[in-house]
Amino acid sequence: MQTTEKTSSLVITEDGIMPMDHRSRVKSLESPSPRRRRLAEEGQVNLCVKYTIFSVNVIFWIVGGAVLAIGIWGMVEKRNLSSGVARLTNVDNSVLAVVMDPMLIFVVVGLLIFLLSFCACLGSLRENTCLLSFFSYSLVFIFVVEIAGGVLVYIYKDSIEQALGKGFRTAIVRYIEDSDLQFIVDEIQMGLKCCGSQTYTDWNENRYFNCSSPSARACGVPHSCCLSASASYTQEMVLNTQCGFHAISMKQDEARDRIYVRGCQSSIVEWINNNMYLIGGVFVGAVILQIMALCFARKMINDIELIKAYW
């Protein structure tokens, strides 16, 4: 009786005698091509797919590690690891202050790239379906978040524009204390030829540029608000940091001869609208890369499952 049960659990196929459960697992997969069947019988995955996943993700792994290291170094250098806890206790500006920290963005993005690329590298090299599945499902999640984010940006573009202005005002308040924000604000103001969030008088919210401040910068704006390079630099190409002094106390018609009076909030929105095709192209390119990586990962997972079914 026991012999009969053993025999009935075996099936004779063109590949030889195979256990019933293995046969059902093979049929549950897609019908393999002759080449895939041969590789599966040899216990070997597609080497082109395997080493493409590994080599590409090694590059992303190094890049992610470098971005993460820069973020951690920047936060330690600014002592933000300890002051970040103090900012979280500030109910008024806690979340926005943390999000506005450029080094924190470096840490989060670098950690995400580092983790995903490491899983892809190790999963492809060791032919580990768990790591490859984690990598592929993470790509699907990121893809869904990107699509949802794009839809939300389109629906709530007015609210996002207001949040953008609030974020820029927060950057103005922290301009002197945070060297990273100072660099970003200066680049935006010089690149888009703007000053402040809504107008140049927004710099009055900074305690160093406030008109009641005892600082030499009182009632002034940063040099990045000045009209041109000739206004910001002397003939010897030495940076003139005083070109925006006392600009807030001037009337707009008088100030426009020295500084940009247009706010950066409207300038940023206008730049986004003018470069919509470029932004869309970058987004589509990123989506295509994610889809290719997902297809490669799923291809390798299927090859591994097919090998397990045969063996």
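Residues numbered from 1 in each chain as written. Predicted model: local features only at pLDDT ≥ 70, side-chain atom pairs only at ≥ 80, totals over all residues. Heavy atoms only, no water.

Going by what an unreviewed UniProt entry lists, the protein is known as Tetraspanin and is assigned to Branchiostoma floridae. Reading the Subcellular location (unreviewed entry) entry of the UniProt record for the protein gives the comment "Membrane". Under Sequence similarities (unreviewed entry), UniProt gives the following word-for-word description of the protein: "Belongs to the tetraspanin (TM4SF) family." (UniProt positions renumbered as here; feature names shortened; annotations may be inferred.)

Participant: An account of the nonpolar core is needed here, citing residue identities and associated values.
Facilitator: One finds C195, W203, V221 and I259 to be the most contacted residues of the largest nonpolar core, which totals 22 residues. Of all elements in the fold, only helix 9 (157-173), helix 10 (179-192) and helix 13 (264-274) reach the threshold of two or more residues within this core. Among residues more than four places away in sequence, those in contact with I259 are Y200, V221, C225, C226, L227, G244 and A247. V49, I53, L116 and I307 belong to the second largest nonpolar core, which has 13 residues in total. (Core = buried A, V, L, I, M, F, W, Y, C linked by side-chain atoms within 4.5 Å. Buried < 20%, exposed > 50% of the residue type's maximum accessible area, 1.4 Å probe, protein only. Helix = DSSP H or I, 4+ residues; strand = E, 2+ residues; numbered from the N terminus. Contact = heavy atoms within 4.5 Å.)

Participant: Can you tell me about the side chain of Q265, naming the residues and giving the values?
Facilitator: With respect to the element layout, Q265 can be found in helix 13. Engagement of the side chain of Q265 in a polar contact is seen with the backbone oxygen of E161, the distance being 3.2 Å. Filtering out sequence-adjacent residues up to four positions away, Q265 remains in contact with E161, Q162, G165, S197 and Q198. (Polar contact = N/O pair within 3.5 Å; in protein donor to acceptor, adjacent residues only side chain to side chain.)

Participant: If you had to explain the packing of aromatic side chains to someone new, which residues and values would you point to?
Facilitator: If you walk through the whole model with that rule in mind, you get five aromatic pairs. Centroid distance Y175 to W203: 4.9 Å. Interplanar angle 85 degrees. Geometry classified as edge-to-face. Of the two residues, Y175 is situated in the loop between helix 9 and helix 10 and W203 in the loop between helix 10 and helix 11 (229-232); the sequence distance between them amounts to 28 residues. Side by side, Y175 and W203 carry an identical accessibility label, which is buried. Among the aromatic residues, ring-to-ring pairing joins W61, F114 and F118 into one connected group. (Phe/Tyr/Trp six-rings, centres within 6.5 Å; stacked < 30°, edge-to-face > 60°.)

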